[in-house]
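# Coordinate inspection notes
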Amino acid sequence: MATNPKGVTPPISTAMPTQEELQLNDTLIEELKRQNNFETPTETERRKKVLGILQKVAVEFVKEVLTSKKKFPPSVINAAGGKIFTYGSYRLGVYGPGSDIDTLLVAPKDVSRDDFFETLPSVLKKHSPPGAIEEMTPVPEAFVPIIKLEYMSVSIDLIFSNVQASSVPLNMDLKDKNMLRGLDDRSLRSLNGTRVTDEILELVPQQKVFRTALRAIKLWSKQRAIYANIMGFPGGVVWAMLVARVCQLYPQACASVIVGKFFRIIGSWAWPQPVLLKQIEEGPLQVKIWNPALYPSDKYHLMPIITPAYPSMCATHNVTMSTRSIVTTELKRGGDLCDKIFTGQLAWKDLFVGHTFFTQDYRYYLSIVSSSRTKEAQQLWSGLVESKVRHLVGNLDHNELISLAHPFNKGFERLHRCRDGEEATAVTRGDLTYQVTEVKTETTDATNDPRHNAAAEGVLTDIKAPNGETTTNEDGLIELYTTTYYIGLQLSEQAKKLDISWATNNFREMCIGWQSYNADLNELHVVHTRSFDLPDDVFKSGEMKPTKLKKKAGKVTNGDAIALKKRKAEAQTADAANGIKRR
C-alpha cells in the first residue's frame, strides 16, 4: 500500500476502500475482460520472447558497428553493450490484444542514428528465426526516427538514441538528467518517451490500481472517440498522467473509486491551471521548459498537462476550444454514469458504450477530402492534411456563429476507380459513386501506416514525396486514393447565414503550402455534408443512419409553414456558400 504522499498537493482522502467499492472493482475488471482488454498469457509470453531477441540483437548491432565501421579493439567492443527499453502502453502495463510495443534502443556514443538505419536491419535478419520478420519499414525522416516491425506476430515500434557514454550496460537506467548532455533534439525526443513513462510509474501510489483505472479510462476515451493527440484530443500519455494525478489524490483507493473520482475531478478542473504530477525541475540543458511566465506561447495552452520528466513540456498544446469543450462534456457524462453505477442503477458496460458522432450528434458536417493519384503519394498527403485539421477547427472556433467544431478522431481511407477525368474530379469532391466497394474502407488508426504517421506529426522537411504518375488498373481505369476527415458543426442560435470561407481557404493554403505539394498528384476539398448524406461505411454494424425528414402530405397549416421556413433557414445557414461545396 502507499506510504509516502506523492504529488504537488496533499491527498484529498487516504481512506481505505469499502467492501462495496471492492466489489465494484471486481465487476470493473470483469467488464474489462469482457471488452477484450487483456491479452492471453500465451500472447504475453510471445511479447517477452520478442523483447529478449531484440535485446540480443541490440548488443550484436553495437558490436557490428564498432567492429566493421569503427575498428575498435575487442576489449572496447565486448564492453560496449546496448540496451532495449520499453515505453508507452507496454511499459505502463496497460497493453491489450494486438497492441504494439514501443521500444527504444540505447547505444554508446560511437554508434550513430545513421548506423541504426544502415546496419540494424541486416543484423536483425541475421539473428532472427526464419520467418520471424514479417514486415520492416524504416522511417528515418520521421519527427522521431523509427523502424516499424511486424515480428513473430507482434507489432514493434523501434526508435534509437545514443548517450555520451562508452558503454550501455543492462543495469543502466535513464533517470540521470546529465545523461541528456550532448544529445540532439531527435535523441532527446527518443529518450523522452521512456523517461516520462518511468516517471509516471514512480509517481503513482499503487501501480496495480493505476493500471486497472487507466485501462478503463483508455477504453472509455477510445469508445467516445476522444483519443487522438493530432486531432486535438488527449493521447495515451496524457490520459495516463490524468489518471496518475487522481491516484495521487486518493492514494489508498481501489481502481473503481479512482475511475469514479477521475470524471469529477478532471471534469471540473480549473483550466488553464496545469495538471502536474511533480514540481517542474530545472536541468543542465539549454532547452525550453514549460513556463507561461517566461514564454508567452505557453500562456495560450487551453488545457495544460505537463510531462513530469525533465525537460517538462505541455503534452496538450494541440487542444482547441472545441476539443476541450468536447472532453469536458464527455467527462461530465462519464461522471453521471459512474454515479449511477455506484448506486446500482447502471453497470460498467454502460460507461463503455460507443460514441454517437455520426448517428445523432450533428445535422451538419464538413467532409475534408484529401486525394492522390497514387497510394504512396496519399500516404504522405493524407498525413499532412491530418496534421492541419486541428488548425481548421481552431479557426472555426473563432467564428461566433459556430458554437462547436467537433473533429472525428480518425480518417476514412477509400479506393476509387474512374473512367475519365470528369469522374476523377467528382471523386476529389467527395463523390462515392466510383468507390471500389470490394476493398474495405479502413480508418487511419487501423492501417497505422508509418509514412502517414510521420507526415501527420507535421515535420515533413526531410520526407521525400513520390513523383508518381496517374495509376491505372488492368482495365485502364484511373485509380484514386482518398482519406476523408469529418468535422461535426453545432451552430449558434443566432446563425442565419454562415460564411466560413476564410477558415477553409486558410486551411487549404496551409496544406498546399507544403513544399512537396503536387497539384497534378494531390487534391484537397472541403465539402458540406448533411447527416443523412453521410457515407454508409462510417457507421458500425447495428448503428442507425440518420434519415431525411419527409414532408407531410395534406393541408399545410400555419404551424407547418413556420416549421418549413425554419428548416430552410437552417439549411441556408449550414451551406457555406464561399469556399464550401455542398454534396
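Look up a bit, the structure's there.
Attention in this report is confined to the structure presented alongside it. (Residues numbered from 1 in each chain as written. Predicted model: local features only at pLDDT ≥ 70, side-chain atom pairs only at ≥ 80, totals over all residues. Heavy atoms only, no water.)

A few words on the side chain of Ser-372. Following the sequence through the fold, Ser-372 ends up in strand E6 (residues 364-372). A distance of 2.7 Å separates a polar atom in the side chain of Ser-372 from a polar atom in the side chain of Gln-378. At a separation of 3.1 Å, a polar atom in the side chain of Ser-372 contacts the side chain of Asn-522. Not counting residues within four places of it along the chain, the set of residues in contact with Ser-372 comprises Ala-377, Gln-378, Trp-381, Leu-480, Tyr-481, Leu-521 and Asn-522. (Helix = DSSP H or I, 4+ residues; strand = E, 2+ residues; numbered from the N terminus. Polar contact = N/O pair within 3.5 Å; in protein donor to acceptor, adjacent residues only side chain to side chain. Contact = heavy atoms within 4.5 Å.)

Let's shift gears to the packing of helix H9 (residues 255-267) against helix H10 (residues 321-342). Relative orientation of the contacting elements H9 and H10 amounts to 140°, with a least axis distance of 8 Å. The two elements H9 and H10 cross, and the hand of that crossing is left-handed. Residue-level contacts link Ser-256, Val-257, Val-259, Gly-260, Phe-262, Phe-263, Arg-264, Ile-266 and Gly-267 of H9 to Thr-328, Leu-331, Lys-332, Gly-334, Gly-335, Asp-336, Cys-338, Asp-339 and Phe-342 of H10. A breakdown of the residues in the contact of H9 with H10 according to their chemical character gives 8 nonpolar, 6 polar and 4 charged. (Axes fitted to C-alpha atoms, helices over the stretch in contact; angles between N-to-C directions. Left-handed = near helix turned anticlockwise from the far one by under 90°. Nonpolar A, V, L, I, M, F, W, Y, C, P; charged D, E, K, R; others polar.)

Position of Leu-28 relative to the elements: it lies in helix H1 (residues 19-34). Overall, the relative accessible area of 0% leaves Leu-28 in the buried class. With sequence-adjacent residues up to four places away left out, Leu-28 is seen in contact with Thr-212, Ala-216, Ala-255, Ser-256, Val-259, Trp-348 and Phe-352. (Buried < 20%, exposed > 50% of the residue type's maximum accessible area, 1.4 Å probe, protein only.)

The subject of this paragraph is unusual backbone geometry. With an omega of 10°, the peptide bond running from Trp-271 to Pro-272 counts as cis. Structurally, Pro-272 is set in the loop between H9 and H10. Here the amide bond leading from Tyr-310 into Pro-311 is cis, since omega sits at -5°, within 30 degrees of zero. Its location among the elements puts Pro-311 in the loop between H9 and H10. With phi around 50°, Asn-448 is a residue other than glycine that occupies positive phi space. The class of Asn-448 is partly exposed, set by a relative accessible area of 30%.

What follows covers helix H8 (residues 236-249). With 14 residues, H8 extends 21 Å between its outermost C-alpha atoms, agreeing within 8% with the 20 Å of an ideal straight helix rising 1.5 Å per residue. Summarising burial for H8: 12 of the 14 residues are buried, a large majority. Residues of H8 that are buried include every one of Val-238, Trp-239, Ala-240, Met-241, Leu-242, Val-243, Ala-244, Arg-245, Val-246, Cys-247, Gln-248 and Leu-249, and no others. (Expected span 1.5 Å × (residues − 1).)

So, on to the pairing of strand E3 (residues 133-139). Alignment of E3 against strand E4 (residues 146-151), held across 6 bridges, turns out to be antiparallel. Bridging from a neighbouring strand, Val-139 pairs with Ile-146 of E4. (Pairing = 2+ DSSP bridges.)

Empty space among the atoms becomes apparent when a probe as large as a water molecule is rolled across them. For the structure on display, the rule yields 2 cavities of 30 Å³ or more. The calculated volume of the largest cavity comes to roughly 50 Å³. In this structure, the largest cavity is lined by 11 residues; those nearest its centre are Val-369, Arg-414, Gly-430, Leu-432 and Thr-484. Listed by contribution, the elements that provide at least two residues to the lining of the largest cavity are strand E8 (412-418) and strand E10 (478-491). Of all the elements, E10 adds the most residues to the lining of the largest cavity, at 3 residues. When grouped by side-chain class, the residues that make up the lining of the largest cavity number 5 nonpolar, 4 polar and 2 charged. For the second largest cavity, the calculated volume is near 30 Å³. Around the second largest cavity sit Pro-205, Gln-206, Val-209, Cys-247, Tyr-250, Pro-251, Ala-253 and Ile-258, which together line it. (1 Å grid on protein atoms, 1.4 Å probe; cavity = no way out; pocket = protein on both sides within 12 Å on 5 of 7 lines; lining within 4 Å. Points joined across faces, edges and corners; volume = space filled by probe spheres on them.)

We now examine the pattern of salt bridges. All chains considered together, the criterion is met by 24 salt bridges. Here Lys-278 and Glu-199 are joined by a salt bridge, their closest N and O atoms 3.2 Å apart. In this pair, Lys-278 sits in the loop between H9 and H10 while Glu-199 sits in helix H6 (residues 185-203), placing the two residues 79 residues apart along the sequence. On the basis of relative accessibility, which here comes to 16%, the residue Lys-278 falls in the buried class. Taken together, the shared-partner salt bridges in this structure form one network comprising Lys-69, Lys-70, Asp-115 and Glu-118. (Salt bridge = Lys/Arg side-chain N within 4 Å of Asp/Glu carboxyl O.)

What follows deals with the pairing of E4. E4 sits mainly inside the fold: 5 of its 6 residues count as buried. Between E4 and strand E5 (residues 154-162), which pair antiparallel and follow one another directly, the connecting turn spans 2 residues, one of which, Met-152, has a positive phi of 55°.

Okay, the packing of aromatic side chains next. In total, this model carries 25 aromatic pairs according to the counting rule given. Ring geometry for Trp-239 against Phe-262: centres 6.2 Å apart, planes inclined by 50°, an arrangement best described as tilted. With Trp-239 in helix H8 and Phe-262 in helix H9, this residue pair connects regions lying 23 residues apart in the sequence. For Trp-239, a relative accessible area of 0% translates into the label buried. (Phe/Tyr/Trp six-rings, centres within 6.5 Å; stacked < 30°, edge-to-face > 60°.)

It is worth spelling out the sheet that holds E5 at this point. The 5 strands are arranged E1-E2-E5-E4-E3 in an open sheet whose pairing can be described as mixed. Looking at which strands have only one partner, the edges of the open sheet turn out to be strand E1 (83-87) and E3. Taking each pair of neighbouring strands and ignoring which way they run, the sheet shows an average axis angle of 25°. The pairing of E1 with strand E2 (residues 101-107) spans 5 bridges and is antiparallel. Looking at E2, one finds that Lys-83 is bridged to Val-106. Most of the contacts of H6 go to E5, to which it runs at about 120°, and overall it touches E1, E2 and E5.

What follows is about the state of the cysteines. Scanning all chains against the criterion turns up 0 disulfides. In this structure Cys-338 is not part of a disulfide, and its nearest cysteine sulfur, from Cys-254, lies 12 Å away. Residue classification places Cys-338 among the buried positions, given a relative accessible area of 2%. (Disulfide = S-S within 2.5 Å.)

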